[in-house]
Amino acid sequence: MAEPVLTFTDRGIYCPAGDFFIDPWRPVDRALITHGHADHARLGHARYLATEVAAPVMRYRLGQIDLETIRFGETTRIGDAEVSFHPAGHIPGSAQIRVSVGGETWVVSGDYKTAPDRLSEPFEPVRCHTFISECTFGLPVFKWRPEEEVAGEINAWWQANAAAGVTSVLGAYSLGKAQRVLTLLDPETGPILTHGAVEATNAILRDQGLALPATAQVSEENDPKKTPGALVIAPPSALGTPWMRRFGPSSQAFASGWMALRGVRRRRAMDRGFVVSDHADWEGLHEAIRETGAEKLYVTHGYTEIFARWLNASGWDAEVLQTEFGTEEAEETAPASDSGAAA
């Protein structure tokens, strides 16, 4: 019997024909990386391959790494495997990785979102025999509303705070989510200030030609107390820390798909929660799976057991794949009691 295109090891998803790993969580010789979030792009590999768009932020986060780049849709041969990267719609440069060996094709989704946004390359369905899919939000309760509606809510909250002389502080992960939120804001409302981690990422993406509203890093010169009507975007780790003492009266909000769950909103103790996700919702997951035409499915990173049971009951051949995605600075991490997965 022929060896499968991909196998599953304690270091990550491995291709024997090409002798490489995809998003490995332990050090390997050659790593193909779907995108730059820290649970997928980790330090310690000898060689990396990622999309041209993902490369600058990976270098910023990982330092001096041996990194080759590839264009979306370009096919390269690694050993006896043909490999190509295709847009995942998650964050700028994020990819699904297609691997073909001896006429059989597998696709590793990484993290993905099927609905278009104003920031990332639109998701591209890729036909395959086997599809490895994330299912971060693999429950029917997760159904994303149109961006325009969410943008209206965020801007109305900001405008009300500005009118009341209160600084708006919006928690959003520094790579992807913060920039996605920026594309939803009405800059006419007031100045947009950022935490240093967000501003550094903004600069990298602007250098690549992405259009973002003007922002300035919080500093002595850009003090929210002295900047009427300001909105501050900061990573969740900065909320509630001494860094925020300079803001004076403020209203805090958080942008995440997990804001769809009331229990998470309560535990976050935020004034507002805005449902903004860079992952596929319940319908998006099914849309992506249908369009692959895959005969075999592996699900990972989320509500895996529940989602696999539903897929099998609906006529697919699905199994749970245990991985270590979502355990380090994941772009969106649910409390374990809500996700049914290892945070």
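Residues numbered from 1 in each chain as written. Predicted model: local features only at pLDDT ≥ 70, side-chain atom pairs only at ≥ 80, totals over all residues. Heavy atoms only, no water.

Peer 1: Would you mind showing me how to read the packing of helix 3 (residues 177-184) against helix 4 (residues 196-207) here?
Peer 2: Two quantities define a packed helix pair, namely the angle between the helix axes and the distance between the axes. Where helix 3 contacts helix 4, the axes come no closer than 10 Å and their chain directions differ by 75°. Here helix 4 runs roughly perpendicular to helix 3, going by the angle between their axes. Of the residues in helix 4, those touching helix 3 at Ala178, Gln179 and Leu182 are Val198, Thr201, Asn202 and Leu205. For the contact of helix 3 with helix 4, the class distribution of residues is four nonpolar, three polar and no charged. (Axes fitted to C-alpha atoms, helices over the stretch in contact; angles between N-to-C directions. Helix = DSSP H or I, 4+ residues; strand = E, 2+ residues; numbered from the N terminus. Parallel < 35°, antiparallel > 145°, perpendicular 65-115°, else oblique. Contact = heavy atoms within 4.5 Å. Nonpolar A, V, L, I, M, F, W, Y, C, P; charged D, E, K, R; others polar.)

Peer 1: I tried to follow empty space enclosed by the protein on my own but got confused; where do I start?
Peer 2: Any empty space left between the atoms is revealed when a probe the size of a water molecule rolls over them. This structure, assessed with the given rule, holds three cavities of 30 Å³ or more. One number sums up the size of the largest cavity: a volume of about 60 Å³. In terms of lining residues, the largest cavity is bounded by 13 residues, among which Val108, Ser109, Gly110, Thr300 and Phe325 are the most central. At the level of elements, strand 11 (130-135) and strand 18 (296-302) are the ones that each hand at least two residues to the lining of the largest cavity. Looking at the lining of the largest cavity, the element that brings in the most residues is strand 11, giving three residues. Considered class by class, the residues forming the lining of the largest cavity number four nonpolar, six polar and three charged. A volume near 40 Å³ is recorded for the second largest cavity. (1 Å grid on protein atoms, 1.4 Å probe; cavity = no way out; pocket = protein on both sides within 12 Å on 5 of 7 lines; lining within 4 Å. Points joined across faces, edges and corners; volume = space filled by probe spheres on them.)

Function cannot be read off these values alone, since they describe shape.
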